[in-house]
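Each chain is listed here by its residues.
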Amino acid sequence: MSAGLTGITVAVIGGDDRDIYMIPELQKLGAYIIGVGYEKADLPGVTLLSPQEAVKRADVLLLPMYGADENWKVRAKYAAEPILFDEELLKAVPLQVPLFIGWARPALKSLAGKLGIKVIETANLDQLAILNSIPSAEGAIQMAMEASPITIHGSSSFVLGLGRCGLTLARVLKGMGAKVTGVARKPADLARAMEMGLEALEFAELAMSIGKAELIFNTVPSLILDKTMLDKVNPETVIIDIASPPGGTDFAYAEALGIKAMLAPGLPGKVAPKTAGKILAQIYPQLILRHLTTSTT
């Protein structure tokens, strides 16, 4: 059972379909919700305010998983007009109010730090990342099935990176009958791959084997599939890159080679927004109470 939020005012600033499902769950726990950028949504009991009014009245600020872009614009699918979470707005945030966000860009983190505002990035928290790995894996496999002329069953599928999402993805692929190769750097991850019955490869060995791949799923947020590596990839291979933007693939070079490569960030909110929203509603209450308690002690 999640912690109660009675008496706590939560401002949800921007968001997508997963937030539409999260908000009622927070209301059930007693939270009073202020919505910023939900003019086009039907959310009973939610008070719609401007960003400036919201930050002054809220005990907690929740921004979307992808936060604000390089121009300070917040993702807000249901907003009537753009929302900017910029320097002017940050300066209006009271010091005791924590700001929860999936990924904060360096400029936002730097400015918040100078202003003494507590920023809590949630995307890489184990609880959230492990639970989100389930819809991420299903979504990535769905994309591969739609893009490839072969079945997952019997395919030579490479999973690059065996972290929280990569392990879930490898497990589901293996369950569907794929011949899965797990690629990792850490000895513990390679041992886990072997324990799962996967072919285990170190990244240093990838160039020698990647030509066998029919499907490649990248989870590593650094340039793994560069020009040198892509030259060794079969042109009929499909690449699904689910690492955070800009991903780990040279997409322009892949296109030049005729390789189908797709960047697919934020899959939980796209393919399973209800599940993703309920996952957020499980995780946020405990985080909110923990940080509010810390702020007042």
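Residues numbered from 1 in each chain as written. Predicted model: local features only at pLDDT ≥ 70, side-chain atom pairs only at ≥ 80, totals over all residues. Heavy atoms only, no water.

Another aspect to go through is the overall build of the chain. The helix and strand tally for the chain stands at 12 helices and 14 strands. Here the chain has a C-alpha radius of gyration of 21 Å; the compact-globule value for 297 residues is 19 Å, and the two agree. C-alpha atoms of the chain, sized along the principal axes, occupy 55 × 40 × 35 Å. Taken across its 297 residues, the chain has 51% of its residues classed as buried. (Helix = DSSP H or I, 4+ residues; strand = E, 2+ residues; numbered from the N terminus. Rg over C-alpha atoms; globule rule 2.2 N^0.38 Å. Buried < 20%, exposed > 50% of the residue type's maximum accessible area, 1.4 Å probe, protein only.)

Among the surface-exposed residues, Met-145, Val-172 and Met-176 lie close enough to one another that they form a single nonpolar patch of about 230 Å² accessible area. The topology assignment puts Met-145 in helix α5 (residues 126-147). (Patch = residues over 30% accessible without salt bridge, like charges linked within 9 Å, V, L, I, M, F, W, Y side chains within 5 Å. Areas by Shrake-Rupley, 256 points an atom, 1.4 Å probe, with all protein chains shown as cover. Salt bridge = Lys/Arg side-chain N within 4 Å of Asp/Glu carboxyl O.)

For the rest of this paragraph, the subject is the nonpolar core. Note on soluble globular proteins: their nonpolar side chains tend to be buried together. Residues Val-10, Met-22, Leu-62, Tyr-284 and Ile-288 are the most contacted members of the largest nonpolar core, which totals 31 residues. Put simply, the parts of the chain that give this core at least two residues each are β1 (9-13), α1 (17-28), β4 (60-62) and α12 (273-295). In terms of residue count, the dominant contributor to this core is α12 (8 residues). Once you skip the residues sitting within four places of it in the chain, Ile-288 turns out to touch Leu-5, Ile-8, Val-10, Val-60 and Phe-100. (Core = buried A, V, L, I, M, F, W, Y, C linked by side-chain atoms within 4.5 Å. Contact = heavy atoms within 4.5 Å.)

This part takes up the side chain of Thr-168. In this structure, Thr-168 sits in helix α6 (residues 164-175). Discounting chain neighbours no more than four positions away, the residues touching Thr-168 are Ser-133, Ile-134 and Ala-137.

What follows deals with α6. For α6, built from 12 residues, the straight-helix expectation of 16 Å at 1.5 Å per residue is met to within 8% by its first-to-last C-alpha distance of 17 Å. Among the residues of α6, Cys-165, Gly-166, Leu-167, Thr-168, Leu-169, Ala-170 and Leu-173 are the ones counted as buried. Tucked into the core, α6 has its buried residues touching α5, β9 (156-160), β10 (179-184), α7 (187-195) and β12 (215-218). The positive-phi residue at the C-terminal boundary of α6 is Gly-177, with phi of around 95 degrees. (Expected span 1.5 Å × (residues − 1).)

If you walk across this open sheet you meet the 6 strands as β3-β2-β1-β4-β7-β8, and the pairing is parallel. The open sheet has two edge strands, β3 (47-48) and β8 (119-121), and neither has a second partner. Of the pairings in the sheet, the one linking strand β7 (residues 99-101) to β8 comprises 3 bridges and is parallel in character. Considered in β8, the bridge of Ile-101 is made with Glu-121. (Pairing = 2+ DSSP bridges.)

Right, let's talk about the pattern of salt bridges for a bit. Any two side chains of opposite charge can pair, so long as their charged atoms come close to each other. Tallying each qualifying case throughout the model produces 8 salt bridges. A salt bridge links Asp-16 to Arg-18, with the shortest nitrogen-to-oxygen separation between them at 3.1 Å.

Looking now at the packing of aromatic side chains. The final tally for this structure, using the stated rule, is 2 aromatic pairs. Look at Tyr-66 and Trp-103: their rings are 4.7 Å apart centre to centre, the planes differ by 35 degrees, and that puts the pair in the tilted class. Taken as a pair, Tyr-66 in the loop between β4 and β5 (73-74) and Trp-103 in the loop between β7 and α4 (106-115) lie far apart in primary sequence, 37 residues in all. We classify Trp-103 as partly exposed; its relative accessible area is 28%. Ring centres 5.9 Å apart and planes at 75 degrees place the aromatic pair Phe-100 and Tyr-284 in the edge-to-face group. One end of the pair, Phe-100, is in strand β7; the other, Tyr-284, is in helix α12, with 184 residues separating them in the sequence. On the basis of relative accessible area, Phe-100 is assigned to the buried category, the value being 0%. Above the plane of the ring of Tyr-66 lies Arg-75, whose end atom (NZ or CZ) is 4.7 Å from the centre. The cationic tip of Arg-185 hangs over the ring face of Phe-203; the distance from NZ or CZ to the ring centre is 4.6 Å. (Phe/Tyr/Trp six-rings, centres within 6.5 Å; stacked < 30°, edge-to-face > 60°. Lys NZ or Arg CZ within 6 Å of the ring centre and 35° of its normal.)

Turning next to the sheet that holds β12. The strands making up a sheet associate through backbone hydrogen bonding, with each pair oriented either parallel or antiparallel. With respect to topology, 6 strands assemble into an open sheet ordered β11-β10-β9-β12-β13-β14, the strand pairing being parallel. The open sheet terminates on both sides in strands that have one partner only, identified here as β11 (199-202) and β14 (260-263). Within this sheet the neighbouring strands show an average axis-to-axis angle of 15 degrees, counted without direction. Taken together, the 4 bridges between β12 and strand β13 (residues 238-241) define a ladder with parallel strand orientation. The partner of Phe-217 across the bridge, within β13, is Ile-240. (Axes fitted to C-alpha atoms, helices over the stretch in contact; angles between N-to-C directions.)

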